[in-house]
Amino acid sequence: MSIANPLGDLTYNHTEYNKDSFSGSASAEINPIKGLTITARYGINIDNVRYNDLGNSYIGQSASYEGTAQQIAYRNYGLDQQYIADYDFTIADVNNFDITAGYDGYQYKYDRISGYGTHLYNPESYFLSNATSDFSISGYQDTYSTKGYFGRINYNYDSKYLFNASVRRDASSRFSEDNRWGTFFALSAGWLISNEDFLSTDWIDMLKLKGSFGEQGNDDIGNYYAYTDQYTMTGADGIYSDAVLSYKGNPDITWETSVTYNVGFDFAFLRNHITGS
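Residues numbered from 1 in each chain as written. Predicted model: local features only at pLDDT ≥ 70, side-chain atom pairs only at ≥ 80, totals over all residues. Heavy atoms only, no water.

1. So, the pairing of strand E8 (residues 204-218)
Quick reminder of the rule: Here a strand pair is declared whenever DSSP counts at least two bridges between the two strands. Strands here are runs of E lasting at least two residues and helices are runs of H or I lasting at least four, both read from the DSSP assignment and numbered beginning at the N terminus.
Pairing of strand E7 (residues 181-192) with E8, which is carried by seven bridges, proceeds in the antiparallel orientation. By the bridge assignment for E8, Leu 192 is matched with Lys 208. Where E8 lies against strand E11 (residues 256-269), 14 bridges are found, and the strand directions are antiparallel. By the bridge assignment, Gly 211 is partnered in E11 with Val 263.

Encoded structure:
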């Protein structure tokens, strides 16, 4: 067996890494009636990567295999789309509303294929067809998608009393169909005390009492298919094949929900020279 030879590897090994990337976004907006804005947004990301590696047959560890060849190709694809309608209006000059409803969705796909071989016919070529033994190949695809519907209402009375309520209904492909959807709420209220007549003073620019409650969902659990059992295929040159359990799925797994509560003040004093929360 040949020993490692960093200088020889640096001299005779050959590695190529090629990547083609595209990233783009587009949006459109219309205002069919006064106060109503409808927006569509799109974003796309595509990466195509090819990796080729030649382990030389002259000197170093690969020499004991009479050279090694490895080729990898993979593609990332992501598409994001969002549609939002926002309507703001005022009733009787003091009741101000801003109502929002929308949908967003994301699709992701990852394809990968790789191969490896040894005992190269041509010691200068990394193509797999140039290898004559010890072949290994692999290929797989990962897919992931989310979609969600959301709504929000903002209300303030005479720019003094503020209220906000929102709800989201999200689905993730990481969970089984029975546990795919999650619902998350948020509420907040505020009192802009500095806009009250009884607090009319030169040194207070803004003083607001506020409180909020919110829920947020998380589906980043480290596995695209955590709800189902996953297997790795094994075999020996077509003589036998078998599937070995590599991940034990949990069909009951669902969204992680975090809850936050906040109560506090926002303030600005002395012509906004002193500000804080």
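Structure's up, so let's keep going.
2. Observations concerning unusual backbone geometry
This is how the line gets drawn: Here the term buried applies to any residue with accessible area under 20% of the maximum for its type, exposed to any over 50%, and partly exposed to those in between, with areas from a 1.4 Å probe on protein chains only.
In this model, Glu 66 sits at a positive phi of 55 degrees, which is unusual for a non-glycine residue. With respect to the helices, strands and loops of the structure, Glu 66 is situated in the loop between strand E2 (36-55) and strand E3 (68-91). Owing to a relative accessible area of 46%, Glu 66 belongs among the partly exposed residues under this scheme. Of note in this structure, Asp 134 is not a glycine but carries a positive phi near 55 degrees. Residue position: Asp 134 is located in strand E5 (residues 131-157). A residue is classified by how much of its surface remains accessible, and Asp 134, at 45% relative accessible area, is partly exposed.

3. Notes on the environment of Asp 86
Note the cut-off: Here, residues are in contact when the closest pair of their heavy atoms is within 4.5 Å. In the analysis that follows, any N or O atom pair within 3.5 Å is treated as a polar contact, provided that within protein one partner can donate a hydrogen and the other can accept it, and provided that, for residues neighboring in sequence, both atoms belong to side chains.
Along the polypeptide, Asp 86 turns up in strand E3. A relative accessible area of 19% means that Asp 86 is categorised as buried. Each C-alpha atom of the pair Asp 86 and Ile 204 lies 33 Å from the other, and the pair is 118 residues apart in sequence. Excluding its chain neighbours within four sequence positions, the residues that come into contact with Asp 86 are Gly 35, Leu 36, Thr 37, Asp 98, Ile 99, Thr 100 and Arg 152. Within the local environment of Asp 86, its side chain forms a polar contact with the side chain of Thr 100, the two groups lying 2.5 Å apart.

4. Let's talk about the pattern of salt bridges
Heads up, the condition is: When a carboxyl oxygen of Asp or Glu lies within 4 Å of a side-chain nitrogen of Lys or Arg, that pair is called a salt bridge.
Scanning the model with the defined rule gives seven salt bridges in all. A salt bridge links Asp 104 to Arg 168, with the nearest nitrogen and oxygen atoms 3.3 Å apart. Residue Asp 104 is found in strand E4 (residues 95-120), and its partner Arg 168 is found in strand E6 (residues 161-172); the two are separated by 64 residues along the sequence. Using a relative accessible area of 28% as the deciding quantity, one classes Arg 168 as partly exposed. Two residues, Arg 174 and Asp 219, come together in a salt bridge whose shortest N-O distance is 3.9 Å. Taken together, the residues Arg 174 in the loop between E6 and E7 and Asp 219 in the loop between E8 and strand E9 (230-235) connect sequence positions 45 residues apart. Owing to a relative accessible area of 8%, Arg 174 belongs among the buried residues under this scheme. Looking at Asp 219, the relative accessible area reads 10%, which means it is buried. Through salt bridges with shared partners, one network takes in Asp 104, Arg 168 and Asp 170.

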